[in-house]
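Structure assessment
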Amino acid sequence: MMVELNQIINGIRQFLENEFISRVSGIEKWVVGASLSMVLDNGVNTFNTMKELPIVKAMDFINKDDLIDVDKLYKAIIHQAEKSAVTFKVPLVGSVTLKSDDVEKIFSYIRGNTK
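Below you will find a few notes about this structure. A quick note: this is a predicted structure, and the numbers were derived from the prediction, not measured.

1. As for the overall build of the protein chain
Counting its regular elements, the protein chain contains six helices and four strands. Secondary structure elements in the protein chain, listed N-terminal to C-terminal, are β-α-α-α-α-β-α-β-β-α. What you see for the protein chain is a C-alpha radius of gyration of 15 Å, in line with the 13 Å of a compact globule of 115 residues. The dimensions of the protein chain, computed from C-alpha atoms along their principal axes, are 45 × 30 × 30 Å. The proportion of buried residues among the 115 residues of the protein chain is 30%. For the protein chain, the proportion of contacts with a sequence separation of at least 24, taken over those separated by at least 6, is 59%. In the form shown here, the protein chain has an accessible surface area of approximately 7,700 Å², with 57% of it arising from carbon and sulfur atoms. Between the averaged position of the 14 positive side-chain charges in the protein chain and that of its 15 negative side-chain charges there is a distance of 4 Å.

Reading the values: the criteria
- Numbers given for residues are sequential positions, taken from 1 along each chain in its written order.
- Local features in a predicted model are, by the rule used here, given only for residues with pLDDT of at least 70; side-chain atom pairs are given and counted only at 80 or more, and totals for whole chains, interfaces and linings are based on all residues.
- Based on all heavy atoms of the structure, the side-chain values leave hydrogens and waters out of the count.
- Counting from the N terminus, the helices are the DSSP runs of H or I reaching at least four residues and the strands are the DSSP runs of E reaching at least two.
- Atoms counted for the radius of gyration: C-alpha only. Globule rule: 2.2 Å times the number of residues to the power 0.38.
- Type-normalised accessible area, obtained with a 1.4 Å probe on protein chains alone, sets the label of each residue: buried when under 20%, exposed when over 50%, and partly exposed for intermediate values.
- Two residues qualify as a contact provided that any one of their heavy atoms is within 4.5 Å of a heavy atom in the partner residue.
- All accessible areas in this document rest on Shrake-Rupley with a 1.4 Å probe, and a residue is counted as covered only by the protein chains that are shown.
- We count Lys and Arg on the positive side and Asp and Glu on the negative side, and we leave His and both chain ends out.
- Here the site of a charge means NZ on Lys, CZ on Arg, CG on Asp, or CD on Glu.

Here it is as structure tokens:
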């Protein structure tokens, strides 16, 4: 499935709003929500920088028209996610752990397979 960057950004935005930001409370909810929204709003610039990196070119999931092969990306990420979860720190929130179920949800949002 080849998709435009906006579809990926919108899917990630829906995942973050429904599965992550909704669990944050207090002023942190506003700050984290606004911060993540601003990061996603800059997605085109980030994409244009990243697609030129040798490692991204070698992964060969972006075509000459800047369409992204979601299935290829999904297979590579889910393969790693099924081996182990990843934990990282988010300012104002603390440690966040993503598991293979989260990867499934993110890609469901990207594909538009959610309510």
